[in-house]
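Residues per chain are reported as follows:
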There are 6 protein chains.
Amino acid sequence: DFIHALEEVRPAFGVAETELQQCVANGIIKFHYSIERILNDGQLYVDQVRNSARTPLVSVLLHGPVGSGKTALASTIAMTSEFPFIKLISPESMVGFTEQAKMGTISKIFNDAYKSPLSVVVIDSIERLLDWVSIGPRFSNIVLQTLLVLLKKPPPKGHKLLILATTSQKSILEQMELIDAFNSSIYVPNVTAVSSIDTVLRDLGSFDDSQRQEAVRAITTSDYGNKISIGIKKLIYMIEMAAQDIEKVEKLTTTIEEESRK
Amino acid sequence: DFIHALEEVRPAFGVAETELQQCVANGIIKFHYSIERILNDGQLYVDQVRNSARTPLVSVLLHGPVGSGKTALASTIAMTSEFPFIKLISPESMVGFTEQAKMGTISKIFNDAYKSPLSVVVIDSIERLLDWVSIGPRFSNIVLQTLLVLLKKPPPKGHKLLILATTSQKSILEQMELIDAFNSSIYVPNVTAVSSIDTVLRDLGSFDDSQRQEAVRAITTSDYGNKISIGIKKLIYMIEMAAQDIEKVEKLTTTIEEESRK
Amino acid sequence: DFIHALEEVRPAFGVAETELQQCVANGIIKFHYSIERILNDGQLYVDQVRNSARTPLVSVLLHGPVGSGKTALASTIAMTSEFPFIKLISPESMVGFTEQAKMGTISKIFNDAYKSPLSVVVIDSIERLLDWVSIGPRFSNIVLQTLLVLLKKPPPKGHKLLILATTSQKSILEQMELIDAFNSSIYVPNVTAVSSIDTVLRDLGSFDDSQRQEAVRAITTSDYGNKISIGIKKLIYMIEMAAQDIEKVEKLTTTIEEESRK
Amino acid sequence: DFIHALEEVRPAFGVAETELQQCVANGIIKFHYSIERILNDGQLYVDQVRNSARTPLVSVLLHGPVGSGKTALASTIAMTSEFPFIKLISPESMVGFTEQAKMGTISKIFNDAYKSPLSVVVIDSIERLLDWVSIGPRFSNIVLQTLLVLLKKPPPKGHKLLILATTSQKSILEQMELIDAFNSSIYVPNVTAVSSIDTVLRDLGSFDDSQRQEAVRAITTSDYGNKISIGIKKLIYMIEMAAQDIEKVEKLTTTIEEESRK
Amino acid sequence: DFIHALEEVRPAFGVAETELQQCVANGIIKFHYSIERILNDGQLYVDQVRNSARTPLVSVLLHGPVGSGKTALASTIAMTSEFPFIKLISPESMVGFTEQAKMGTISKIFNDAYKSPLSVVVIDSIERLLDWVSIGPRFSNIVLQTLLVLLKKPPPKGHKLLILATTSQKSILEQMELIDAFNSSIYVPNVTAVSSIDTVLRDLGSFDDSQRQEAVRAITTSDYGNKISIGIKKLIYMIEMAAQDIEKVEKLTTTIEEESRK
Amino acid sequence: DFIHALEEVRPAFGVAETELQQCVANGIIKFHYSIERILNDGQLYVDQVRNSARTPLVSVLLHGPVGSGKTALASTIAMTSEFPFIKLISPESMVGFTEQAKMGTISKIFNDAYKSPLSVVVIDSIERLLDWVSIGPRFSNIVLQTLLVLLKKPPPKGHKLLILATTSQKSILEQMELIDAFNSSIYVPNVTAVSSIDTVLRDLGSFDDSQRQEAVRAITTSDYGNKISIGIKKLIYMIEMAAQDIEKVEKLTTTIEEESRK
Ligand SMILES: Nc1ncnc2c1ncn2[C@@H]1O[C@H](COP(=O)(O)OP(=O)(O)OP(=O)(O)O)[C@@H](O)[C@H]1O
Ligand SMILES: Nc1ncnc2c1ncn2[C@@H]1O[C@H](COP(=O)(O)OP(=O)(O)OP(=O)(O)O)[C@@H](O)[C@H]1O
Ligand SMILES: Nc1ncnc2c1ncn2[C@@H]1O[C@H](COP(=O)(O)OP(=O)(O)OP(=O)(O)O)[C@@H](O)[C@H]1O
Ligand SMILES: Nc1ncnc2c1ncn2[C@@H]1O[C@H](COP(=O)(O)OP(=O)(O)OP(=O)(O)O)[C@@H](O)[C@H]1O
Ligand SMILES: Nc1ncnc2c1ncn2[C@@H]1O[C@H](COP(=O)(O)OP(=O)(O)OP(=O)(O)O)[C@@H](O)[C@H]1O
Ligand SMILES: Nc1ncnc2c1ncn2[C@@H]1O[C@H](COP(=O)(O)OP(=O)(O)OP(=O)(O)O)[C@@H](O)[C@H]1O
Ligand SMILES: [Mg+2]
Ligand SMILES: [Mg+2]
Ligand SMILES: [Mg+2]
Ligand SMILES: [Mg+2]
Ligand SMILES: [Mg+2]
Ligand SMILES: [Mg+2]
C-alpha cells in the first residue's frame, strides 16, 4: 500500500483527459431537457469561479440514483471548462489502498490544484472513497475528515478552485454533515419518460426504426409505462442485451417491465 | 500471511482448469428444466461479452440455498466459455489469509484478467470471502470495498470481462449494496420435485431400478412429499449414505423425511 | 506466541494416541443404550469415509450439555477407526495462543491430514477454540472463518477425511452458520435414569453392593428422582467425593438432590 | 504524519498575522448591532486578561450556526488585542494529521504561548479538530482530553493567556463536558433582518442602488421575508452568484427564498 | 511490560508463604460458626485431592460481598494444606501488566504447578485479573479464555492440583460461563449478628470490656440492629477509626448505623 | 510519549510543594463552617494513618460539583500533614500521555510512596486521568484497573499511606466500582448562602465596604437569592470580572442571577 501510495502521490500538473473521457464511454445523450439544464448550470459554476473575486472556491455536488449518469456529467463539465488543471479523484484508481493512502492521494491532488491559478477537481463516488457500508455502519473517518476540511479550505490568494463531486448516497452525506460543506448541489434524475427511451434507442442505433417504434408503442400502452425509472447506464445495458436476442423488442419490453415492477 | 499473499499473487495467465473441474466433482445432473435454463442464460452472457462493444463488463450473481449447486454451475459456465483467461477466486485457496492478503489476491487476479482480451473470473462464495458472520455482524470491509469497486470498474479499452459470482446470502449482499453492483442475477433452486429425485437416483446408479422405484413411490405417497426442498449437494450425500445401509430405501426415505420436517 | 505457533505447527504424521487416551481417563461406561448407539453411528461414518467414492469428506458434530461425555466419545470413535492419521485439535494444547497461532495450528493439522489417504481429525470444544464469550459477544472470527472453510474443503483427489467435532454450545454454532457446514450431528445426553446411576456405581466400584442398592433405592423413592440430569463427568466426580465421606450414601444422595433442584 | 508533526511542532514565537487575516477575507460588515456587541465583549476579555491578577487564564467560546462568521470574529478579536503572542489552531493546517500529530501540534502551540507573558490562542472549529462525526458517533478522544485539560491549566506564574474558540456544534461540546471547561461563551447569530441584507448589499457594492432597493423591497413584501436565517458567509456567496446573472435581482431573491423555505 | 512479564514468569518452585500471610494480616477471627464450616470444607477438598485417583483436579470458588474475607480464607486453606507447591495469583503483583503479560504469568504458575505431584494455586479476585468493568462492559477475553481452559485442564498423569479462587462478582462469572468450569463453590458471608461484632471487638482488644458491652447493648437495642451487613474487613477498619476517637462507643455505633442505612 | 513517560517516571523522593501550592492560588476562604469541618476531617485521616497499626492504608475521596474547591482542599490537607513524602498525580502534568504512560507515571509515584514510611498521594480529577467522556462512553480501562488495584494494595509492612483523590463525577466512579475501593468520602459543596458571598467579597477586597453591602442586599432581596449554587472557583472569577466594570455591583448581581437561573 505504501508503494501504491507513493506512486499515486506523484502525479504531475495537467489534465487527466483520458481518465475523464473513459467516464463518458457512451457519450451524453440529451434524452430530456434536464440534461441540458445540468450542463448549463455546470457552465455557470465554471464561469463564476473564473470571474468572481469574492468566491475563489466553489463546490458542487451531483447526486441521484445509481447509474443515472452522474460521473459522465461531472466529467463532461470538467472537460469543457478548459481550465489548465483538471483532475479526477476516483475509487477505481485506489483499489486496495489503505485509508491513509487514500487520504494522501486526495491531499496530493488538492495540493497540486492549489498550485494552478484555475483548477477543477472531480471527486467521484464519495461513498466509495469513504469505504461506506450501511452495516455497522462503517466508513473511513480519516477520509471523511479530510474531505470536510478540503471542501471548505480556500486555495492560496489569487488562485481559484472548482470542486465537482458525485454520490448516490446523499442522505448519508447529510448525516455526516458533508452536505453543509458544499456551496450547491445538482440532482441527476433517472430516465422516466417513454419519449426519453425513444431518444436513447434512436441515438444508440441498435434497433431499426420499426423496432424502435414497436417498442415505444408497447411501453406507452402498457400499465407499467408510467412507473418507469431506470438509470441511463442500465438502460443502455438493457438495450444492448435485447439487441443480442432474436426477439429484440419483446426482450427489451420484458426487461423494462421487470425492472419497473421491482 | 505475507508469504502466502506473495505466492498467491504470482499466478500466471491462463485457465484454472483443474480447480474448476474439482468444483463439479459429481457432474451436472439435469434433474429439472431449470438447470438447462441456467446453463443457457450463462451461455447468453458469455456471448454478450464476446459480441457487444458497449458493455465490455458483464457481472452475474448466482444465488440460492446452501448446497443447491451454485459453484458447480458457475464453474461449468466459465469452462464452456473457452475464453483465453478463466480464473477462480475461492475462499478455499485463501484459508488463513489476512483481509489484506485476500484483497491482494483478488486484485491480482483482476489485474491479470484485464491483460487478456477476453476473460472470465468466478468469485465463489462471496460471504466467505468477506469473512461474514451474523453475530456482530462482522465482515471484512476491505474485501467488500474492493469487490464494490472491481464489480463496476471496466477493463481497459478493447478488453472484455465476464464476472460470475456465487452466494447463499443474497439478503446480506443487498444490505451491503453489493447487489446494485451486479448487472444481473440468476436463482439456483433446491431439488423439490420427486421426479427430480428420480432422475438423480437414476444418474448416480447406487440404487437398482426396483429400489429407485420403491423409493420414489414411498416419497410420492408420503405426507412430506410436497414439502421437499434439498440441495443437490446434500441429496447426493444422503443417497450415498443410504447406499451403504442394508435397508437402502428405508434409510433414504427416512433421511429425506427428517430433512423435510425441519 | 510466535514461538508457540512454530512449535505447534511442526507435528509430524501419525496418530495422537496418548492425547486421545487421556480424554477417556475414566473409560466409557455403557450406562444407557444411547451410548452404544452413538458408538455404532460413529463406526458407520468411519466406514462411509473408507468406502464411498462420492463423499470423500464427512463431518460430524457431537453436541450436548457440559460434561455429558462428548470429548471421550469423539476420541473413542477416532481411535477405533484405526486410520493411519488421527489427530486432536484441542484448546488445552493452545493455552495463550493468539488467534493467528490457533488458526495456524488448525490449518497445519488439516494440511497434514490431506497428505494421508485416510484421516480423522477431532476438533474438541469448538466454542473454546473460538474464544467464545456471551458478553459482547466476543469470539475469534479468524478461527471461525478458518473452520467454516475447512469443514467444507474436500481433501485432494483420492484422499479421504473424517472430521469429528464437539461443542456444548450448539445454538451459538447455529447463529454462526457453522452447523450448516457439518454433514451430520449426534446428540450426547446427560445421565437421567436411576438405572444409569446404578450402572455407573457398579462400574466404578467405590460403593459396595449394599451401599449402591441403598443409594439407588433412596433416589428412586425420592421426589427429585425423575428430575435428574447430570453429566457423566460430574456424576463420577460426585461419587468420588461421596466415597471419601463416612456417610457415603447420604452424601451422594444429598449432592444429587442439590444438583437436581438447581 | 510524523514528518508533518515535526514541521508543525517547530513554529516560533510571534504572531500568525497572515493566517488570521485570511480568515477575514471579506472583512467584517456591521450588518447588525450584535456584531458590534460581540467585538466589544471580545475587547472586554482582552482587557480582563491584561489587568486582573486573580484570573490569569480566560477562555471564551464563540458558537453559532454554520457560516455565521465565528472564525472571522474570533480572528478579529485576537488581532486587535495586539498581544505579543497570537496563534491560530486550525483544522485547515492539519489535513491528514493523525490524532497524535494533532495533539502534538496543539500542545506545542500552548507551550509556546506559556512562554509569552501575554498570549491569545484561537482554537478554530473544535468539532473538526476532534474529527467529530455524528454517525457512530466518532471523534478523537485524545484531542478531546488534551483540550479538556489545556482549557483549565493555568499558564506559569505571572503569565497570562486568552483562549478564543469557535464551534457550530455547541450541543455536542456540552455532551463532552467541554462547555464546563470554558469561562464564558458568545453567540454569533445568522443574518435574519432584511435591513441586514440591505447593509451587506450596500457594503459589497455588486448591486447598484436601484437593484439593491428592488431586491430589498421584494424580500420585504414576500411571505418568506420573516423566515430568513442565513449565515453571512453564504449570503456573500449568494450575492456574488446573483451578480453574475443577467437577472441579478430575481436570481438573488429566488436563492434567498429557496434557502428560507428549507 | 515485557520485562515485567519476563521477571514474573521466572518464579521458582515452592511455597509463596510471605505473600499468603500478608493476605491474613489481621488473622482469622471465628466470629460465627460459618467461618469454621468454611475452613472444614476447605480441608475436605485438600484431602480429596490428596487421596482420590479419579479426580486429580479439584477447583473451588470462594464468593461473597466485598471485604467479607474471601482472600484471607482462601490463603488460610492453601497454607494449611502443606502441599509442596502453593502459589498465589494476585492482581496486586500484576499492576500495569498487559493482558498478554497477565496471561503469561498465569500460565507460568500453572505450568510450575503441573511439575509438582501435589499443588495448590490461589487465584485471587478473578474480576480484577480480567480487568472487568461494567461500563461497556469491558474485560480481557485473553485472560478469561486462559482461565476457562486452565480450570478444566487436568495435570499430567499422577500429579494432582487444587485450585482455590475468589470473587465478589459471581453473577458476572456466571455470564462468562466461568462458574461451569468450577467443581464447587463456597459462600463467604458478611458479619450480620451483633454477637459477631462482640466477638470481633473482644478479639481486637481496642475497646475495654465496659466499652464493648456498651456498644453491643446500643446496637442490640437500636432499630438498625437487625439490618447489619458489614464485611469483616470494613468492620475492623471502623473499629480502628472509632478507637482513635475520644467518644469510641458513639463513633462506632454511628458509623455502623450509617453503613446499615445505606 | 515514551520520552515524556521516562522523564515523568524519574521523580525523586520528597514533597511536591510548588505544585500543591499552585492548586491553592487564591487561598482557602472560610466562607462556611463546612470548610472548617472538611479540613478537620482531613486532619483526622492524617492522624489515623500516623497512629493506627491495623489500617496502614487509608483512602479518601473528595467529591462535589465542578469548581467547588476540591483540588484546593485536598492539596491543603496534604500539605498540612507534613509527611516526608507528599506527591500530586494530576492530569495537567500528563497532557498528551498515552494510557500506558499515564499508568506508568501513576505506578511510579505509588512505588516511590511505598518506600517512605509515611506518605500522602493526591490523585486529582480521577475522571480526567481516566480520559472519561460520556459519549460512547469511553475511558482508559488500563488506568482504571491500575487505580482499582492501587487503591486496595497495602504498602509494605511498617509503611503507611494516605490517598486523597478528587472527582466531580462521583456517579461514574460508582458505576466503575471505584467508590467501593475507597475507605471514606467527603462532599465539597458549592457556595449557596448570601453570607458566604459576603465573606468571599470581604476576603478578596475588590469591592469596597459599601459596594459589598449593596451587592449583598440586592441578592438577599432578589427572587433568585435562595437558588444560588456557584463553585467558589467561578464565584472568584465573577467577582474579578465585575471588578473590571464601571458598574461593579450591577455586573456582579446580573452575572450571579444569570448563573442561578440556568
Ligand atoms: N445524458 C446522459 N447523462 C449521463 N450519461 C449518459 C447520458 N447519455 C449517455 N450516457 C452514458 O451513460 C453512462 C452513465 O454512467 P455513469 O457512470 O456516469 O453513471 P453514474 O450515475 O455515475 O453511475 P454510478 O451510480 O454507478 O456511479 C455513461 O456510459 C455515459 O456515457
Ligand atoms: N444440476 C446440478 N447442479 C449443480 N450441481 C450438481 C448438479 N448435479 C450434480 N451436481 C453436483 O452437486 C454438487 C453441487 O455442489 P456445489 O458446491 O456446487 O453447491 P453449492 O450451492 O455451491 O454449495 P454451497 O452453498 O455450500 O457453496 C457438485 O458436486 C456437483 O457436481
Ligand atoms: N458413557 C460415557 N460416555 C462418555 N464419557 C464417559 C462415559 N463413561 C465414562 N466416561 C468418562 O466420563 C468423562 C467424560 O468427560 P468428557 O470430557 O468427555 O465430557 P465432555 O462432555 O467433553 O465435557 P465438557 O462439556 O466439559 O467438554 C471421561 O472421563 C470419560 O472417561
Ligand atoms: N459581520 C461579519 N461577521 C463575520 N464575518 C463577516 C462579517 N461580515 C463579513 N464577514 C465575512 O464573512 C465570512 C465569514 O466566514 P467565517 O469563516 O468566519 O464563518 P464561520 O461561522 O466560521 O463558518 P463555519 O461555520 O463554516 O466555520 C468571512 O469571509 C468574513 O470576512
Ligand atoms: N473470619 C475471618 N475471615 C476472613 N478474614 C478475617 C476474618 N477475621 C479477620 N479477618 C481479617 O479480615 C481481613 C479480610 O480481608 P480480605 O482481603 O480477605 O477480604 P476480601 O473479601 O478478600 O476483600 P475484597 O472483596 O476486597 O477482595 C483480613 O485482614 C483478615 O486478616
Ligand atoms: N474555601 C475554599 N475551598 C476551596 N478553594 C477555595 C476556597 N476559598 C478559595 N478557594 C480558591 O478557589 C479555587 C478552587 O479551585 P479548585 O481548582 O480547587 O476547584 P475544583 O473543585 O478542584 O475545580 P474542578 O472541578 O474544575 O477540578 C482555588 O483557586 C482556591 O485557592
Ligand atoms: Mg458514478
Ligand atoms: Mg458453493
Ligand atoms: Mg469436552
Ligand atoms: Mg469557521
Ligand atoms: Mg480479596
Ligand atoms: Mg480540581
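All values reported here derive from a predicted model rather than from experimental measurement. (Residues numbered from 1 in each chain as written. Chains lettered and ligands numbered in written order. Predicted model: local features only at pLDDT ≥ 70, side-chain atom pairs only at ≥ 80, totals over all residues. Heavy atoms only, no water.)

Caption draft 1: Fine view of the packing of aromatic side chains. If you walk through the whole model with that rule in mind, you get 12 aromatic pairs over all chains. Here A:F110 and A:Y114 contribute two aromatic rings whose centre-to-centre distance is 6.3 Å and whose plane-to-plane angle is 55°, an arrangement assigned as tilted. Within this pair, A:F110 and its partner A:Y114 are both found in helix α5 (residues 99-115), separated by 4 residues, close to a single helical turn. Taking the relative accessible area as the measure of exposure, A:F110 reaches 1% and is therefore buried. Residue classification places A:Y114 among the buried positions, given a relative accessible area of 8%. Of note, B:K248 hangs over the ring of B:F207, and the distance from its end group to the ring centre comes to 5.6 Å. Sitting over the face of the ring of A:F139, D:R138 holds its NZ or CZ atom 4.0 Å from the ring centroid. (Phe/Tyr/Trp six-rings, centres within 6.5 Å; stacked < 30°, edge-to-face > 60°. Helix = DSSP H or I, 4+ residues; strand = E, 2+ residues; numbered from the N terminus. Buried < 20%, exposed > 50% of the residue type's maximum accessible area, 1.4 Å probe, protein only. Lys NZ or Arg CZ within 6 Å of the ring centre and 35° of its normal.)

Caption draft 2: Looking closely at the interface of chain C and chain B. Each partner contributes to the interface: chain C provides 31 residues, whereas chain B provides 22 residues. A buried area of about 2500 Å², summed over both sides, lies between chain C and chain B, and 54% of it is on carbon and sulfur atoms. In terms of surface lost to chain B, no three residues of chain C exceed C:R54, C:Q145 and C:V149, which account for 25% of the buried area on that side. Linking chain C with chain B are 1 salt bridge. When the shortest N-O distance is used, the salt bridge between B:E240 and C:R54 registers 3.9 Å. Remark: the boundary between chain C and chain B carries 10 residue pairs in polar contact (both at pLDDT 80 or more). Counting residues per element, the ones that place at least two in the side of chain C that touches chain B are α3 (33-51), α5 (99-115), α7 (141-150) and α8 (170-175) of chain C. Tallying contributions element by element places α7(C) first for the side of chain C that touches chain B, with 7 residues. Partitioned by chemical class, the residues of the side of chain C that touches chain B number 14 nonpolar, 11 polar and 6 charged. (Contact = heavy atoms within 4.5 Å. Buried area = accessible area lost by both parts, 1.4 Å probe. Salt bridge = Lys/Arg side-chain N within 4 Å of Asp/Glu carboxyl O. Polar contact = N/O pair within 3.5 Å; in protein donor to acceptor, adjacent residues only side chain to side chain. Nonpolar A, V, L, I, M, F, W, Y, C, P; charged D, E, K, R; others polar.)

Caption draft 3: Region of interest: the site of ligand 4. The environment of ligand 4 is made up of 20 residues, and the closest members are A:K152, D:G27, D:I29, D:K70 and D:T71. Surrounding ligand 4 is a set of residues that belongs to chains A and D. A distance of 2.7 Å is found between an oxygen atom of ligand 4 and a side-chain nitrogen or oxygen belonging to D:T71. For ligand 4, an oxygen atom lies 2.9 Å from a polar atom in the side chain of D:K233. Protein chains bury 93% of the 640 Å² of accessible surface belonging to ligand 4 in isolation. Looking at the shell around ligand 4, the element that brings in the most residues is helix α4 (residues 70-81) of chain D, giving 4 residues. Of the residues belonging to the shell around ligand 4, the class tally is 11 nonpolar, 6 polar and 3 charged. (Near = heavy atom within 4 Å. Areas by Shrake-Rupley, 256 points an atom, 1.4 Å probe, with all protein chains shown as cover.)

Caption draft 4: Highlighting the pairing of strand β4 (residues 160-167) of chain B. Residue and element names in this part refer to chain B. Along β4, 8 of the 8 residues are buried, which leaves the element largely enclosed by surrounding structure. The side-chain alternation of β4 yields two buried faces, one formed by K160, L162, L164 and T166 and the other by L161, I163, A165 and T167. Relative to β4, strand β1 (residues 57-63) runs parallel, the two sharing 7 bridges. Bridge pairing links S59 to I163 in β4. Of the pairings in the sheet, the one linking strand β3 (residues 118-123) to β4 comprises 6 bridges and is parallel in character. (Pairing = 2+ DSSP bridges.)

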